Amino acid sequence: MVSRWRSERCSRRTALRTVAVSTLGGLAGCLGGGGSSVDVLSAGSLARTFEDHLNPAFEADTGIRIHGEYHGTNAVLRMIEDETKHPDVIVSADATLLRERLSPDWDIEFAANSLGIAANPETAFGRRLVAGDEPWYALARETDDGDLAISDPELDPLGYRAIQAFDLAEAEHDLAGFREAMTDRVYMEPEEPQLLAGVETGARVGAVVYRNMAVDHDLPFHEFPPAYNFADPERAAAYAEATYTFEDGTTVAGRPIRYNLTVPGDADNREAAHRLVQYLLDNPDILQEAGLTVGEAFPRSTGDVPEAIDL
Amino acid sequence: MRLARGWLNGGRRRPELVVPALLGGVLLLYFLLPFVAFLGRVGSTPIVAGLSTPDARQAIRHSLLTAPVSTAIATVFGVPLAYVLARQSFPGKRLVAAVVVLPLVVPPVVGGAMILTAVGRFTPLGSAAAAAGIPLTGSLLGVVLAQTFVAAPFVVITSRAGFGAVDERLEQASRSLGYGPLATFWNVSLPLARGSIVAGVVLTFARAMGEFGATMMVAYNPRTIPTQIWVAFIGGGIDAILPLALALFGLTLLVVTTLQRLGRLPAVVER
């Protein structure tokens, strides 16, 4: 009995040692990294665009691997300001916000997005929206409290853009009190990624989202008209008519949805970052496939773009 | 009603267990409901295809690498700490005990932020390590740091309770028979507290496998299973996270049952 226990202990110890050695070896192997890569810190609404479309294509063409990290745009900018993250490429869903908060040496606007409602096609609201016989605002007015979701306007540009869209729709279609009625009625989701999970599971009948998000989730999408879909840079003045005031008193005016990016001066993998930027500019079809809008207006640069990047 | 009576009459009669069983059943039902609803979506999702993508495989490899290392670190340093806390009174002991519980109290995201302020890339420690080629953030080492911080309290707290339940006179007997403190710890205290220690190791491992909040702050990349699940969720919603979530359930269950089996091996030589 004693010897059995001994041998068991021995074999277990040997096994544990084997596991420990191989684990530590693997850990050390991974620490070195190996192969070139580029770290991208991006607005969450581009997660699928990067993960499913851009990353595989870029890696196949250049051999450079993209390590993507995705948060709401405010969180992305906050992480840079607080120096908690140090990516090679920063991508913002709000070009102005990136410029104001980070004051980069340069940035390039590379795509637009448009606002609308993604709906659950199994709900009455979704069916009627897809049928298209009634205007969306009439259907939205009939929803009960919390049926329709928007992102939290205090945390996310997608949220205050929804409120501003209600505002502009009120003026456009002559709907007295529409913004206030809708603001009271909608559910405000603090986490952007949860917005469409609510719609998919049937917890919400629909949500105000960007078009590429509806494309990502394969949900029917009713795009707002150009007067308030924030997709047309030419209408910047008209969009600015709608404002949203944060709880801290600052006010933000409506502006076109423009994604921009920059490479920080102290990026670890600057060369790879520049190649990724170039790749993004050279392949607008990848972005369009993912639901973004890349019209004549893009790319638009601000500041001194590095020579390595050819606009 | 008849069912309940039949259950009571079958096997050994334990009528005193009816109330606890009913109360426990409520909680069990509450656990099961989301599981069943979630797993009910499996039919419509290609699980194998979801798990065979390079990203998913890499996430599984990273989790299987980091969680055992974190658990080992927590155990090697945590069990001795638990023993000291169980056996010795000293000034500031309450403070030490509170520090051990602290990682359980703060939300994981705050824990991650705390780790970043201590070893982040722009801190003296973090920049020195990065310069030496061992980055403490955005690396597997960063994942281990985050997991250990969040998961280690489980093994400490559980082991402490285990050592506390060991009769000190047995240790004294061992000492009076001429065994040193180390031999006594190894041959008496440790085997007797083994059940609790294994339970703590199991909890720590399970927590490390599922750790997301602190991990994504310290090392979003390289991705572990929970981080990859989050990325899949952002882009693809609930159905997109099913394959990896199932993998996480399966792997954790496998390791936990194996550990529990090991824990049941005879602790002392029986004649």
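Source: prediction; values computed, not measured.

## Quick notes on the sheet that holds strand S9 (residues 221-223) of chain A
All names here are of chain A.
Here's step 1: Judged by pairing direction, the sheet is mixed, and its five strands sit side by side in the order S7-S6-S8-S5-S9 without closing on themselves. One side of each edge strand has no neighbouring strand; the edge strands of this open sheet are strand S7 (187-189) and S9. For this sheet, the mean inter-axis angle between neighbouring strands, taken without regard to orientation, is 35°.
Here's step 2: Two strands pair when backbone bridges link them, and strand S6 (residues 148-151) and S7 are joined in this way by three bridges, in the parallel orientation. Directly across from Ala149, in S7, lies its bridge partner Tyr187.
Here's step 3: Taken strand by strand, helix H5 (residues 124-131) contacts strand S5 (115-119), S6, strand S8 (206-210) and S9, and its axis lies near 130° from that of S5.

## Notes on a nonpolar patch on the surface
Residues and elements named next belong to chain B.
Here's step 1: On the surface, Leu27, Leu28, Tyr30, Phe31, Leu32, Phe35, Val36, Leu39 and Phe249 cluster together to form a nonpolar patch covering roughly 890 Å² of accessible area.
Here's step 2: For the nonpolar patch, the element with the most residues is helix H2 (residues 18-39), which contributes eight residues.
Here's step 3: By the element assignment, Leu27 lies in helix H2.

## With respect to unusual backbone geometry
Here's step 1: Of note, the bond from Phe298(A) into Pro299(A) is cis; its omega dihedral lies within 30 degrees of zero at -5°.
Here's step 2: You can see Pro299(A) is positioned in the loop between helix H13 (284-289) and strand S13 (300-303).
Here's step 3: Along the chain, Asn221(B) connects to Pro222(B) via a cis peptide bond; the corresponding omega equals -10°.
Here's step 4: In the Ramachandran plot, Glu83(A) falls in the positive-phi region, its phi being about 60° despite a non-glycine side chain.
Here's step 5: Position of Glu83(A) relative to the elements: it lies in the loop between helix H3 (73-81) and strand S3 (89-92).
Here's step 6: The residue Asp218(A) is not glycine, and still its phi comes out positive at about 60°.

## A word on the nonpolar core
Looking at soluble globular proteins, one finds that nonpolar side chains tend to be buried together.
Here's step 1: In this structure, Val38(A), Val89(A), Phe110(A), Trp136(A), Tyr228(A) and Leu261(A) are the most contacted members of the largest nonpolar core, which totals 127 residues.
Here's step 2: With eight residues, helix H7 (residues 157-172) of chain A is the largest single contributor of residues to this core.
Here's step 3: For this core, the two domains that each supply at least three residues are domain 1 (8-113 + 257-303) and domain 2 (115-253) of chain A.
Here's step 4: When sequence neighbours within four positions are dropped, the list of residues in contact with Val89(A) reads Val38(A), Asp39(A), Val40(A), Leu41(A), Leu261(A), Thr262(A), Val263(A), Pro264(A), Ala273(A) and Leu276(A).
Here's step 5: Core analysis: the next-biggest nonpolar cluster, separate from the first, contains 16 residues, Val79(B), Phe185(B), Ile197(B) and Val201(B) among them.

## Notes on empty space enclosed by the protein
Residue and element names in this part refer to chain A.
Here's step 1: Inspection of every chain in the model, using the stated rule, returns two cavities of 30 Å³ or more.
Here's step 2: Looking at the second largest cavity, the residues that line it are Ala43, Gly44, Ser45, His71, Gly72, Thr73, Ala93, Asp156, Pro157, Glu192 and Tyr210.
Here's step 3: For the lining of the second largest cavity, the per-class residue count stands at four nonpolar, five polar and two charged.
Here's step 4: Residues lining the lining of the second largest cavity come from more than one domain, with at least three contributed by each of domain 1 (8-113 + 257-303) and domain 2 (115-253).

## Some thoughts on the pairing of strand S4 (residues 106-112) of chain A
Residues and elements named next belong to chain A.
Here's step 1: Summarising burial for S4: seven of the seven residues are buried, a large majority.
Here's step 2: Bridge count for S4 against S13 is four bridges, and the pairing is antiparallel. Within S13, the position partnered with Ile108 by the bridge is Ser301.
Here's step 3: Where S4 and strand S12 (residues 258-262) come together, four bridges link them in antiparallel fashion.

## Structural notes on the domain arrangement of chain A
Residue and element names in this part refer to chain A.
Here's step 1: By the assigned domains, chain A splits into domain 1 (8-113 + 257-303) and domain 2 (115-253).
Here's step 2: One C-alpha centre belongs to domain 1, the other to domain 2; they are set 28 Å apart.
Here's step 3: Note on domain 1 versus domain 2: buried area summed over both sides is about 1500 Å², and carbon and sulfur give 47% of it.
Here's step 4: Per-residue buried area on domain 1 facing domain 2 is highest for Ser45, Asn113 and Ile257; these three make up 37% of the total on that side.
Here's step 5: Across the domain 1-domain 2 interface, the total number found is one salt bridge.
Here's step 6: Class assignment for the residues of the side of domain 1 that touches domain 2 results in 10 nonpolar, seven polar and four charged.

Conventions adopted
Residues numbered from 1 in each chain as written. Chains lettered and ligands numbered in written order. Predicted model: local features only at pLDDT ≥ 70, side-chain atom pairs only at ≥ 80, totals over all residues. Heavy atoms only, no water. Pairing = 2+ DSSP bridges. Helix = DSSP H or I, 4+ residues; strand = E, 2+ residues; numbered from the N terminus. Axes fitted to C-alpha atoms, helices over the stretch in contact; angles between N-to-C directions. Contact = heavy atoms within 4.5 Å. Patch = residues over 30% accessible without salt bridge, like charges linked within 9 Å, V, L, I, M, F, W, Y side chains within 5 Å. Areas by Shrake-Rupley, 256 points an atom, 1.4 Å probe, with all protein chains shown as cover. Salt bridge = Lys/Arg side-chain N within 4 Å of Asp/Glu carboxyl O. Core = buried A, V, L, I, M, F, W, Y, C linked by side-chain atoms within 4.5 Å. Buried < 20%, exposed > 50% of the residue type's maximum accessible area, 1.4 Å probe, protein only. Domains from an automatic or database assignment. 1 Å grid on protein atoms, 1.4 Å probe; cavity = no way out; pocket = protein on both sides within 12 Å on 5 of 7 lines; lining within 4 Å. Points joined across faces, edges and corners; volume = space filled by probe spheres on them. Nonpolar A, V, L, I, M, F, W, Y, C, P; charged D, E, K, R; others polar. Buried area = accessible area lost by both parts, 1.4 Å probe.

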